[in-house]
Amino acid sequence: MSIAPDDPRLRAAAAALASARSIVVLTGAGASAESGVPTFRDAMTGLWAKYDAHQLATPEAFARDPELVTRWYDWRRMLVLGCRPNPGHLALAALQARAASEGRSFTLLTQNVDRLHQAAGSTGVVELHGTILQWRCTKTGEVFEPPPRPFDSFPPRSPAGGLLRPCVVWFGEALPPEALDAAERAIAACDLFIAVGTSGVVYPAAGFAAQAGARGAVTVEINRDPTPLSDVVDICLRGTSGQILPRLAAMLGLTIAAPQNDNPPRQAGSPT
Ligand code: OAD
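Okay, so let's go over this structure. (Residues numbered from 1 in each chain as written. Predicted model: local features only at pLDDT ≥ 70, side-chain atom pairs only at ≥ 80, totals over all residues. Heavy atoms only, no water.)

1. Overview of the overall build of the protein chain
Here comes step 1: The secondary structure content of the protein chain amounts to 11 helices and 9 strands.
Here comes step 2: In terms of overall dimensions, the protein chain is globule-like: its C-alpha atoms have a radius of gyration of 19 Å, near the 19 Å expected for 272 residues.
Here comes step 3: Burial analysis of the protein chain (272 residues in total) assigns 52% to the buried set.
Here comes step 4: Of the roughly 12000 Å² of accessible surface on the protein chain, a fraction of 56% belongs to carbon and sulfur atoms.
Here comes step 5: If you average the places of the 24 positive and of the 25 negative side-chain charges in the protein chain, the two averages end up 2 Å apart. (Helix = DSSP H or I, 4+ residues; strand = E, 2+ residues; numbered from the N terminus. Rg over C-alpha atoms; globule rule 2.2 N^0.38 Å. Buried < 20%, exposed > 50% of the residue type's maximum accessible area, 1.4 Å probe, protein only. Areas by Shrake-Rupley, 256 points an atom, 1.4 Å probe, with all protein chains shown as cover. Lys, Arg positive; Asp, Glu negative; His and termini not counted. Charge placed at Lys NZ, Arg CZ, Asp CG, Glu CD.)

Below is the structure:
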């Protein structure tokens, strides 16, 4: 059941967005769901409903069967390249620009690997789990952005002959230290923290709301369903990110254009 447009919780969240000095937003797969990118844990439509994550998203799985793992990730890469930012992405980019124009800080942390935030115009996006649009050579470490077409052989190799792997964090791997450090610094300084479309079960991101709240920040969750964060945050906004974020932006006088369906799908090398 989505929150009503005149719900006082929406007004409270909009007031906090309009006045906060330092804003941190954390997004999860739910923020890209309305763009057509499958989430992980949705029982019927999530990626993990069909695949066992531990058969595909671990260094051991890659070592055991690099062809299976790289075929799966290339299928996801091509799916993501065919997707466009949704009104939730566009609203976050507009809210970030508004905050910047008023000299206020706005840091976007994402667990998503699809770069739809960047395609929507968000800047300085902290990619906690990397990106599926870049792949690196396991021999030299060199990073490539493959063209917007499927690899022509699997497992793909770099010119140096090493196996290519996606630049995403796998289960059991550490988050990129510079991303984690940026997240910790932003949370330490924020007075408003908003979690959007995340199930709140994968740490360290799942702990960010409590961390921000413990420091006195106002905490907000935007999610279609209840999560462990729903009982932690100050303001819980039930509904989809593609509906609630544009509504909050409109309450700040920002109009979010609906995405044009004739926009061409993204090309490699799109805004990162
Ligand atoms: P999940 O699939 O675990 O959770 C998605 C959340 O978004 C759920 O709470 C859904 O109810 C909610 N949701 C779905 N559609 C929505 C919509 N339109 N608007 C708002 N909310 C919606 O995805 P994450 O929380 O991002 O990590 O998962 C966290 C991490 O677990 C992922 O980054 C991935 C996975 O293992 C790695 O791959 C390292």
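2. A closer look at the sheet that holds strand β5 (residues 143-144)
Here comes step 1: Ordered in space as β5-β4-β6, the 3 strands form an open sheet in which the pairing is antiparallel. Bordering the open sheet on either side are β5 and β6 (164-168), each of which pairs with just one other strand.
Here comes step 2: Both strand β4 (residues 130-137) and β6 contribute to a ladder of 5 bridges, which runs antiparallel. Along β6, the bridge assignment pairs Thr131 with Cys167.
Here comes step 3: The strands touched by helix α6 (residues 66-81) are β4 and β6; relative to β4, the strand with the most contacts, the crossing angle is about 135 degrees. (Pairing = 2+ DSSP bridges. Contact = heavy atoms within 4.5 Å. Axes fitted to C-alpha atoms, helices over the stretch in contact; angles between N-to-C directions.)

3. A short note on the packing of helix α1 (residues 8-19) against helix α11 (residues 241-251)
Here comes step 1: In the contact formed by α1 and α11, the axes pass within 9 Å of each other and the chain directions differ by 65 degrees. For the pair α1 and α11, the sense of crossing is right-handed. Between α1 and α11, the contacting residues are Leu10, Arg11, Ala13, Ala14 and Leu17 on the first element and Ile244, Arg247, Leu248 and Met251 on the second.
Here comes step 2: The class makeup of the residues in the contact of α1 with α11 is 7 nonpolar, no polar and 2 charged. (Left-handed = near helix turned anticlockwise from the far one by under 90°. Nonpolar A, V, L, I, M, F, W, Y, C, P; charged D, E, K, R; others polar.)

4. Here's the deal with the pattern of salt bridges
Here comes step 1: Overall, the coordinates contain 10 salt bridges when judged by the stated rule.
Here comes step 2: Ionic pairing is found between Glu102 and Arg98, a salt bridge with its closest N-O pair at 3.9 Å.
Here comes step 3: Residue Asp181 is joined to Arg185 by a salt bridge in which the shortest nitrogen-to-oxygen separation is 3.0 Å. Residue Asp181 and its partner Arg185 are both found in helix α9 (residues 177-189); the two are separated by 4 residues, about one turn of the helix.
Here comes step 4: Connected via shared salt-bridge partners are Arg98, Glu102 and Arg104. (Salt bridge = Lys/Arg side-chain N within 4 Å of Asp/Glu carboxyl O.)

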